[in-house]
Amino acid sequence: MPAVVERPAQRYVAERATVGIADFPRIADRLPPLIGTLAAHGVTPAGAPFFRYRVLHPGPRFTVEAGVPVDGDHTPAGPAFLGELPAGRYVLDTYVGPPGGLAAATEAVLAWGAAEGLTWDRAPGPDGEEWGCRLEVLRSDPREVPDPAQWVTDLLFRLEG
């Protein structure tokens, strides 16, 4: 069952791309080298890696960031950049299973929010639906949990206001 939670602001280092479902690995595969680069600079992740969906384009295509939470003022080399997840109220739901089930899990959360009368932090934009903060937080490390059916992903959607 989804729940509404308060989250503080969180700095992160990420890379961004606009991809379709078939080429999503192009951005997903950026997480291991991003984590490796942080480690090489003595930066320990301040939480689980995530995907931040910025724009949902028709098609479907997504402008998405592959990010790693950090503390402090680490300045990454391009194409990585430093960003900040906004503080606020979020709907949190936890999904267990392979990535192929995330779309249905997301739709269920959005339907639950609509039934609850919640308003998401999103707006129409020139290129599609723009989200203030919509996350898939990857709580399972595939090196430690090799079975995708057991992967744990937190879905977080920021509420308006």
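Here we summarise the structure given alongside this text. (Residues numbered from 1 in each chain as written. Predicted model: local features only at pLDDT ≥ 70, side-chain atom pairs only at ≥ 80, totals over all residues. Heavy atoms only, no water.)

## What about the overall build of the protein?
Filter applied, for reference: Each helix corresponds to a stretch of at least 4 residues labelled H or I by DSSP, and each strand to a stretch of at least 2 residues labelled E; elements are numbered beginning at the N terminus. Throughout, radius of gyration means the C-alpha value; the globule benchmark is 2.2 Å times the number of residues raised to the power 0.38. Residue exposure (1.4 Å probe, protein chains only): buried if accessible area is under 20% of the type maximum, exposed if over 50%, otherwise partly exposed.
Within the protein, the regular secondary structure consists of three helices and ten strands. Along the protein, from the amino end to the carboxyl end, the secondary structure elements read β-β-α-α-β-β-β-β-α-β-β-β-β. For the protein, the C-alpha radius of gyration of 15 Å lies close to 15 Å, the compact-globule estimate for 161 residues. In terms of its C-alpha atoms, the protein occupies a principal-axis envelope of roughly 45 × 35 × 30 Å. Taking all 161 residues of the protein together, the buried fraction comes to 43%.

## Some words on the pattern of salt bridges
Oppositely charged side chains may form a pair once their charged atoms are brought near each other. For clarity, the threshold we go by: Any carboxyl oxygen of Asp or Glu that lies within 4 Å of a side-chain nitrogen of Lys or Arg is treated as forming a salt bridge with it.
In this structure the tally under the stated criterion is eight salt bridges. Between Glu129 and Arg122 there is a salt bridge, and its shortest N-O distance comes to 3.5 Å. Classification of Glu129 as partly exposed rests on a relative accessible area of 27%. Two residues, Arg139 and Asp154, come together in a salt bridge whose shortest N-O distance is 2.9 Å. A residue pair is termed long-range when its members are at least 10 positions apart, and Arg139 in the loop between strand S9 (134–138) and strand S10 (152–158) and Asp154 in strand S10 qualify at 15 residues.

## Looking at the pairing of strand S3 (residues 50–57)
How we decide: Two strands pair if DSSP finds at least two bridges between them.
Counting buried residues in S3 gives seven out of eight residues, a clear majority hidden from the surface. Examined bridge by bridge, S3 and strand S4 (residues 61–69) share seven bridges and lie antiparallel to one another. Paired with Phe51 across the two strands is Ala66, which belongs to S4. Strand direction decides the pairing type here: S3 and S9, joined by three bridges, are antiparallel. Opposite Phe51, over in S9, you have Glu136 as the bridge partner.

## Some remarks on helix H3 (residues 102–115)
The cut-off we apply is this: The span expected for a helix works out to 1.5 Å for each residue beyond the first. Note that the arc is computed from the directions linking the helix axis to the C-beta atoms. Whether two residues are in contact is decided by their heavy atoms: any pair within 4.5 Å suffices.
Helix length check: H3, at 14 residues, gives a terminal C-alpha distance of 20 Å against a target of 20 Å (1.5 Å per residue), a fit within 8%. Within the span of H3, buried status applies to Leu102, Ala105, Thr106, Val109, Leu110, Trp112 and Gly113. Looking straight down H3, one finds that the buried residues subtend no more than 160° of arc, so they occupy a single side. Set apart from the buried face of H3 by more than 90 degrees, the exposed residues are Ala103, Ala104, Glu107, Ala114 and Ala115. Close packing links the buried residues of H3 with strand S6 (88–96), strand S8 (128–131), S9 and S10. In the stretch just after H3, Gly117 is the one whose phi turns positive, near 75°.

## A word on the side chain of Arg158
Counted only if it meets this: Polar contacts, as used here, are pairs of N or O atoms within 3.5 Å; protein pairs need one atom able to donate a hydrogen and one able to accept it. Residues neighboring in sequence count only if both atoms are side-chain atoms.
The residue Arg158 is located in strand S10 in this model. A relative accessible area of 16% means that Arg158 is categorised as buried. Among the polar contacts made by the side chain of Arg158, one reaches the main-chain carbonyl oxygen of Ala87 at a distance of 2.8 Å. Contact partners of Arg158, with chain neighbours within four places excluded, come to Pro86, Ala87, Gly88, Arg89, Tyr90, Trp120, Asp121 and Cys133.

## What to know about the environment of Pro32
In this fold, Pro32 is placed in helix H2 (residues 31–40). Taking the C-alpha atoms as reference points, Pro32 and Pro49, separated by 17 residues in sequence, lie 9.6 Å from one another.

Worth remembering: the numbers are spatial, not functional.
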